[in-house]
Amino acid sequence: MGARRMNGLRAAVLAVLLLATGSGAVVAARQVLTARDGVESVRLAAQSENVAAVDPAMSRLLAVAAWRSAPTPEARRSLLAALTRPLTAVLRGHRNSVYAVAYNQDGTLLASGGADGTLWIWDARSAKPTGQPIRGHRGAITQVTFAANDRVITASRDRTIRIWNGEKQVGKPIRGTIVAPDPRGRVLAVGDQNGVPRLINMTTRRQLGRAFPRHPSGLRDLTFDGRTLTTYDNAGVLRIWNARTHRLIGRVAGGPGPVTINQGNMAFTLQGTLRRLDLGTRQQTSRPIKGDFVALASKGNLLATAQRNGAVHVLESGVPLAEPFRAGTVRDLAISPDGQWLATASDDEVIRIWDLALTRKLSGEPMTTTPEIRVSTTTAAPGAIDPRTPTPGRSSASTSTPSPDGTTLAVGDTAGRTQLFDIKTGKPAGAPMACRPGVVNAVAFSPDGQGLATATAGSICLWDARTQRQLHKRLTGHTGQVNTLTYSPDGRYLVSGGDDHTIRWWDVTTGTPIDLTLAQASGISALAFDPSDPTHLATGTENGTVRLWNVTDKLPIGPPFLGHTTPVTSIAFSGDTLATAAGNIRLWDLTTHKQLGSPLGRALRTVTFSPDGRELIGGGPAGTRRLWNPALTPDPATELCALARRFPPPLDLPSYLPDRNYPEICP
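Residues numbered from 1 in each chain as written. Predicted model: local features only at pLDDT ≥ 70, side-chain atom pairs only at ≥ 80, totals over all residues. Heavy atoms only, no water.

J.: Run through the overall build of the chain, naming residues and quoting values.
T.: In terms of regular secondary structure, the chain is built from eight helices and 54 strands. Within the chain, the fraction of its 667 residues that count as buried is 52%. Across the chain, the fraction of contacts at a sequence separation of at least 24, relative to all contacts at a separation of at least 6, is 43%. (Helix = DSSP H or I, 4+ residues; strand = E, 2+ residues; numbered from the N terminus. Buried < 20%, exposed > 50% of the residue type's maximum accessible area, 1.4 Å probe, protein only. Contact = heavy atoms within 4.5 Å.)

J.: With reference to specific residues and values, describe the nonpolar core.
T.: Counting 40 residues, the largest nonpolar core has Val64, Ile585, Leu616 and Ile665 as the members making the most contacts within it. Within the residue set of this core, elements represented by two or more residues are helix H2 (23–51), helix H3 (56–69), helix H4 (73–83), helix H5 (356–363), strand S50 (577–589), strand S51 (595–604), strand S52 (606–609) and helix H6 (636–644). Broken down by element, the residue count for this core peaks at seven residues, all from H3. Counting residues in each nonpolar core, the second largest holds 19 residues, with Ala297, Phe325, Val330 and Ile335 among its members. (Core = buried A, V, L, I, M, F, W, Y, C linked by side-chain atoms within 4.5 Å.)

J.: Mind laying out the packing of aromatic side chains, listing which residues take part and the relevant values?
T.: Taken as a whole, this structure holds four aromatic pairs when the rule is applied. Judged by centre distance (4.4 Å) and plane angle (0°), the rings of phenylalanine 325 and tryptophan 354 are stacked. Here tryptophan 354 lies in strand S29 (residues 350–355) and phenylalanine 325 lies in strand S26 (residues 325–326), a separation of 29 residues in the sequence. Between phenylalanine 561 and tryptophan 588, the aromatic rings sit 5.6 Å apart at their centres with planes inclined by 75°, giving edge-to-face as the arrangement. Note that phenylalanine 561 is positioned in the loop between strand S48 (555–556) and strand S49 (570–574) and tryptophan 588 in strand S50, a separation of 27 residues in sequence. The burial state of phenylalanine 561 is the same as that of tryptophan 588; both residues are buried. In this structure, lysine 361 is placed above the aromatic ring of tryptophan 628, and the distance from its NZ or CZ to the ring centre is 4.1 Å. (Phe/Tyr/Trp six-rings, centres within 6.5 Å; stacked < 30°, edge-to-face > 60°. Lys NZ or Arg CZ within 6 Å of the ring centre and 35° of its normal.)

J.: Lay out the pattern of salt bridges in plain terms, naming residues and giving numbers.
T.: Enumeration over the complete set of coordinates arrives at 16 salt bridges. Notably, a salt bridge pairs aspartate 123 with arginine 125, separated by 3.8 Å at the nearest N-O pair. Residue aspartate 123 is classed as partly exposed on the basis of its relative accessible area, which comes to 22%. For arginine 125, a relative accessible area of 52% corresponds to the exposed category. (Salt bridge = Lys/Arg side-chain N within 4 Å of Asp/Glu carboxyl O.)

J.: Help me get a handle on the sheet that holds S50, residues and values and all.
T.: Read from one edge of the open sheet, three strands run S49-S50-S51, paired in antiparallel fashion. A single partner strand is all that each edge strand has here, and the edge strands are S49 and S51. Neighbour to neighbour, the strand axes of the sheet diverge by 25° on average, direction disregarded. In the packing of H4 onto the sheet, the strands contacted are S50 and S51, and the crossing angle to S51 comes to about 40°. (Pairing = 2+ DSSP bridges. Axes fitted to C-alpha atoms, helices over the stretch in contact; angles between N-to-C directions.)

J.: Any details on the state of the cysteines? Residues and values, ideally.
T.: Following the criterion strictly, the structure yields two disulfides and no others. What pairs with cysteine 435 in a disulfide is cysteine 461, and their sulfur atoms sit 2.1 Å apart. The disulfide joining cysteine 435 to cysteine 461 has a torsion of about 75° about its S-S bond and is therefore right-handed. Here cysteine 461 lies in strand S39 (residues 459–464) and cysteine 435 lies in the loop between strand S36 (433–434) and strand S37 (440–445), a separation of 26 residues in the sequence. In this structure cysteine 435 comes out as buried when scored by relative accessible area, which is 9%. By sequence order of its bonded cysteines, the chain has the disulfide arrangement 1-2, 3-4. (Disulfide = S-S within 2.5 Å.)

J.: Give me the environment of alanine 89: which residues, what numbers.
T.: Its location among the elements puts alanine 89 in strand S1 (residues 87–92). Between the C-alpha atoms of alanine 89 and methionine 58, which are 31 residues apart in sequence, the distance is 9.7 Å. Those residues in contact with alanine 89 that sit more than four places away from it in its chain are Pro56, Ala127, Ile351, Arg352, Ile353 and Phe647.

J.: Mind laying out the sheet that holds strand S41 (residues 482–487), listing which residues take part and the relevant values?
T.: The four strands are arranged S41-S42-S43-S44 in an open sheet whose pairing can be described as antiparallel. The open sheet is flanked by S41 and strand S44 (512–519), the only strands paired with a single partner. Strand-to-strand twist of the sheet, defined as the mean angle between neighbouring strand axes without regard to direction, takes the value 20°.

J.: So what about the pairing of strand S13 (residues 219–224)? Which residues, and what values?
T.: Pairing geometry for S13 and strand S14 (residues 228–233), over five bridges, is antiparallel. Along S14, the bridge assignment pairs aspartate 221 with tyrosine 232. Hairpin remark: S13 followed by S14, antiparallel, with three residues in the connecting loop; positive phi at glycine 226, about 100°.

J.: Give a detailed account of unusual backbone geometry, specifying residues and quantitative values.
T.: Backbone geometry at arginine 205 places phi at a positive 70°, although glycine is not the residue there. Here arginine 205 lies in the loop between strand S12 (197–201) and S13. Of note, the phi angle at glutamate 349 is positive, near 75°, even though the residue is not glycine. Among the structural elements, glutamate 349 can be located in the loop between strand S28 (341–346) and S29.

J.: Help me get a handle on the environment of glycine 185, residues and values and all.
T.: Within the fold, glycine 185 resides in the loop between strand S10 (178–181) and strand S11 (187–191). For glycine 185 and aspartate 150, which are 35 residues apart along the polypeptide, the C-alpha to C-alpha distance reads 9.0 Å. Once residues lying within four places of it in the same chain are set aside, the contact partners of glycine 185 are Ala147, Ala148 and Met202.

J.: Can you break down H3 residue by residue, with the values?
T.: Compared with an ideal rise of 1.5 Å per residue, which puts 14 residues at 20 Å, H3 spans 20 Å between its outermost C-alpha atoms and is within 8% of the ideal. Taking burial as the measure, the 14 residues of H3 include twelve buried ones, the bulk of the element. Restricting attention to buried positions, one finds in H3 the residues Pro56, Ala57, Met58, Ser59, Arg60, Leu61, Leu62, Ala63, Val64, Ala65, Ala66 and Ser69. (Expected span 1.5 Å × (residues − 1).)

J.: Can you explain the packing of H3 against H6? Please cite residues and give values.
T.: When two helices pack together, you describe them by how their axes are tilted relative to each other and by the distance separating the axes. One can describe the packing of H3 onto H6 by two numbers: an axis separation of 10 Å at closest approach and a directional angle of 150°. For the element pair H3 and H6, the recorded crossing hand is left-handed. Contact residues: Arg60, Leu61, Ala63, Val64, Trp67 and Arg68 in H3; Ala637, Leu640, Cys641, Leu643 and Ala644 in H6. The residue inventory of the contact of H3 with H6, partitioned by class, reads nine nonpolar, no polar and two charged. (Left-handed = near helix turned anticlockwise from the far one by under 90°. Nonpolar A, V, L, I, M, F, W, Y, C, P; charged D, E, K, R; others polar.)

J.: Talk me through the pairing of strand S54 (residues 623–627); I want residue IDs and the actual numbers.
T.: Here is the key point about a regular strand: its side chains alternate between the two faces of the sheet. Pairing analysis gives two bridges linking strand S30 (residues 365–366) to S54, with the strands arranged antiparallel. Opposite proline 366, over in S54, you have arginine 625 as the bridge partner. By the bridge criterion, five bridges tie strand S53 (residues 616–620) to S54 in an arrangement that is antiparallel. Bridge pairing links glycine 620 to glycine 623 in S54.

Structural data, given as structure tokens:
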């Protein structure tokens, strides 16, 4: 039934009811239809979530259809989830594991080969095959690559290398198991099962000069730029050869694992550690990364890694972008020439396409740094040291928080001291405050910025931030370490949470405890009041659970917010949105307690909203980042439709939406 027919049926129902029973029935009929639309919206939103991992295109359309039916909270959540999901397309066609994937030089085509011995060519823009599967090999295809003229070159377990022009094979097969074309598409570097590299004229199939020396352990990878041949053997040794003289001009000891070589840089694994080298200087270009790596791909300053547990990480200049992708058992990776897309080939017979531009957006952008804060914390003679590089016998920064007006930073250290700093100049402001020996675990300013609370071990101290004078005796009562502090919005009370699983209240004026204690099943690691309702308190725990409490009746509000798997370290409110930090940052709808969109950023421990709620800011060891807040997207349905138009409508769309057609969803 089409949408026009459905609209006509609605009009007919209303007309009949109007004639039969008057306007009251019309109102009732409208209520019935509105309720039905709401139910349909919830159903479609649920279906959008259910198919997201297997059919992203369908998921996007179902999310928009849910919103068009009725703007329910569930529909909004499905829109934001689809809008922030990096998985863009899933390509199906292979009948067994997909072993190899590669983009052509302008990124318009994608080739894949697998255990079924077939070669597929895909239109990279529409994610549709350009034709039928190509057959010719008698064994699994283990490598695919493009020559400069868009001819596809494949290597197979049948120990042959074949060249294809469209669906037709060009010339006779070449003996070999691994191949790399030169940039101009005239010469092939070929390695055989005996570990012997050779150069082959691509047109005549004749060998150019003598063969290179044999690699006894066999060849794992090779690259050829027309002048230099680079080989990587199964023992983990990389060798660089002059292609004209066959002379060895460089050697790097790597490890017997996956490798990727791109533009003079090499990434390889050694004893479970990923390392990147500049082949010219032989210097590491980023810090080593631990992991059980099975595949690597690089393009410029981008590096994609796949681990045995199915996690795919993307790093830019050595810094991870957002959360890892989940792509099954990955066999190969390919980054598009423009760095906007990542293709993963897996044992589950599919190729997944990931949007790296969106991944960068989820990761956020670095903010302008403030002057470096250097903490004077030596017990002998005061001196300036960088808190990130502790010196033996001295303390280092352990926690920090800015004042409400953003002019002062309170920094606690590992010796029990807290020092105020002028954020603009980076210089100390006043004398250090010492509560008791030990690590300062938490610091918090009062809402007016005049009071300061610090926590060391199980003790809390209250200070006058203007004079650095202690206001009361130490506040005690927790039976474990105090991890987090926050003031009530009116500044009258201090709330603390700790390892003893309790949340305690203190009167700031008298420094005495108040008979109001909440308990949870795990240590308390983060606290925050809702500025719009001071009776609502959000708590984060060490097991990653977030709860909203009504402090008046000491009862939780709604179900917990579930998603984090590591300790929650920061919480912030903005309108009807809650933000939490636990390595990544997640946004939550305070009405439904459901997550809004994908996780944001990586290695972030703090989260705040700008005063107007327009900016979301995260902080961590690598610095401060301005993050995208998808909850503020003006029209997510229109944005999703713009993405949906890149791909043809799914063929099974009518099975999900029998009463609508594609143009009515995304006009």
